Each structure stands twice: as C-alpha cells, then as structure tokens.
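So you can see what is in the structure, the chains are spelled out below.
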Amino acid sequence: YAISGITRGVMLINSCEKYDPKRDEWNEVTPIQIFASHLGSVVHNSRIFVVENKNFKVYYPDRNSWLELPALDLHLLNGIFKPQIKLAYFDGHFYAYGGVYEHQDGFNKKVNQKVMIFHNEKRAWEVFDTLENYDSFFDSLVQCNKIQAS
C-alpha cells in the first residue's frame, strides 16, 4: 500500500493505492482523508494503522474503508506537532514517538522525545516514556521483545 504523500509539484495528496503483484499494477482504494507527506504506519491483524499529527486512523482492506480512532493529545507534547511521527505495535499497545514540534512562534524546532501509548481500555493516548538521543529520522522494529529505534 502507498498511503498519502507529496507530488513532485510539492502538493500534498490523500490518495491510497494497493499494489497487485500478479498484474504488476497499482489500483486506487478509498483515500485516507489526510493530506500528509510523512505518516507513521504499522500493520496489525491485517489492518493498516496510521498516525499523522494528531490523526489516528485504521484501514480495513476487506471493507476498503477507513475508521477514525481517538486522536493524539497534542497538549501532552508541548507544542505544535509536525511530521515524521513513528508508530509501532507491541504487546497489545500502539506506541507513537518521534516527530518534530515547534513552539507557537514557528521557530525553535525540536525532536519529540516523548513516547505516547494508546490504551485500548481507556481509548486514549498518554505519555509513556521518553527517548534519549533520538533522531526524528530513526525508524523502528519490534525485535527481542523490545521496540528498537535505529
């Protein structure tokens, strides 16, 4: 799947496409309704979960539909959140981390060091931990019972 993005003309798009390897072609599916160039995503239980800014959505391939999930609470992140947030699923929870935020003046950009966790039972996000020496361009994988950023 290719979800959202930016064109060569620097226009944000909200399209979603699925690759068919048997036909060697891309086909459009239901658009995501988020215009963004840096989505965090993870696949869990044959569904695609994405996070961007405060948006948290899930795509159901069998229904070809998107569902809005509880948004991230940006007040917990101390600023206006910008792209490059990452998303991981581990041990029954979603984790959002990374990204860049800036203060109200539009300057003083900083890498977000906070890790947010989504609690299914509360249907809400909260701060879980902080990352030290984290670069917003790192990505992650779940390995050896840990989420590892690299």
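What you see is a predicted model, and the numbers here were worked out from it, not measured in a lab. (Residues numbered from 1 in each chain as written. Predicted model: local features only at pLDDT ≥ 70, side-chain atom pairs only at ≥ 80, totals over all residues. Heavy atoms only, no water.)

So, the overall build of the chain
The helix and strand tally for the chain stands at 0 helices and 16 strands. Every one of the 150 residues in the chain was classed for burial, and the buried ones make up 36%. In the chain, once contacts between residues fewer than 6 apart in sequence are set aside, the share between residues at least 24 apart is 35%. By element, 50% of the accessible surface of the chain is carried by carbon and sulfur atoms, the whole surface being about 9,200 Å². (Helix = DSSP H or I, 4+ residues; strand = E, 2+ residues; numbered from the N terminus. Buried < 20%, exposed > 50% of the residue type's maximum accessible area, 1.4 Å probe, protein only. Contact = heavy atoms within 4.5 Å. Areas by Shrake-Rupley, 256 points an atom, 1.4 Å probe, with all protein chains shown as cover.)

Overview of the sheet that holds strand β9 (residues 85-90)
Within the open sheet, the 4 strands sit side by side as β9-β10-β13-β14. Their pairing is antiparallel. Both outer strands of the open sheet, β9 and β14 (124-130), are each paired with one neighbouring strand and no more. Each strand of the sheet is rotated relative to its neighbour by a mean of 30°, with strand direction disregarded. The sheet contact formed by strand β10 (residues 93-98) and strand β13 (residues 114-119) spans 4 bridges and is antiparallel. The residue bridging Y95 from the neighbouring strand is I117, located in β13. (Pairing = 2+ DSSP bridges. Axes fitted to C-alpha atoms, helices over the stretch in contact; angles between N-to-C directions.)

Re the nonpolar core
In this structure, F49, F56, L72, L87, F94, A96 and W125 are the most contacted members of the largest nonpolar core, which totals 15 residues. Broken down by secondary-structure element, the contributors of at least two residues to this core are β5 (47-52), β6 (55-60), β9, β10 and β13. Looking at this core, the element that brings in the most residues is β6, giving 3 residues. With residues near it in sequence (within four places) discarded, F94 still touches V42, H44, F49, F56, L87, A88, Y89, M116, I117, F118 and W125. Listed in part, the 10 residues of the second largest apolar core include I32, I34, I48 and W66. (Core = buried A, V, L, I, M, F, W, Y, C linked by side-chain atoms within 4.5 Å.)

Some details on the pattern of salt bridges
Counted under the stated rule, the structure contains 3 salt bridges. Note that R23 is salt-bridged to E25, the shortest N-O span being 3.9 Å. For E25, a relative accessible area of 31% corresponds to the partly exposed category. Close ionic contact of E68 with K57 constitutes a salt bridge, the shortest N to O distance being 2.6 Å. Of this pair, E68 sits in strand β7 (residues 65-68) while K57 sits in strand β6, placing them 11 residues apart in sequence. Among the residues examined, E68 registers a relative accessible area of 43% and is labelled partly exposed. (Salt bridge = Lys/Arg side-chain N within 4 Å of Asp/Glu carboxyl O.)

Focus on the packing of aromatic side chains
Evaluated as defined, the whole model comprises 11 aromatic pairs. Their ring planes at 55° and their centres at 5.3 Å tell us that F118 and W125 sit as a pair that is tilted. In this structure F118 comes out as buried when scored by relative accessible area, which is 2%. An aromatic cluster is built from F49, F56, Y89, F94, F118 and W125, whose rings are joined through pairwise contacts. The ring of Y60 has R63 lying over it, and the distance from NZ or CZ to the ring centre is 4.1 Å. (Phe/Tyr/Trp six-rings, centres within 6.5 Å; stacked < 30°, edge-to-face > 60°. Lys NZ or Arg CZ within 6 Å of the ring centre and 35° of its normal.)

Just geometry here; none of it tells us what the structure is for.
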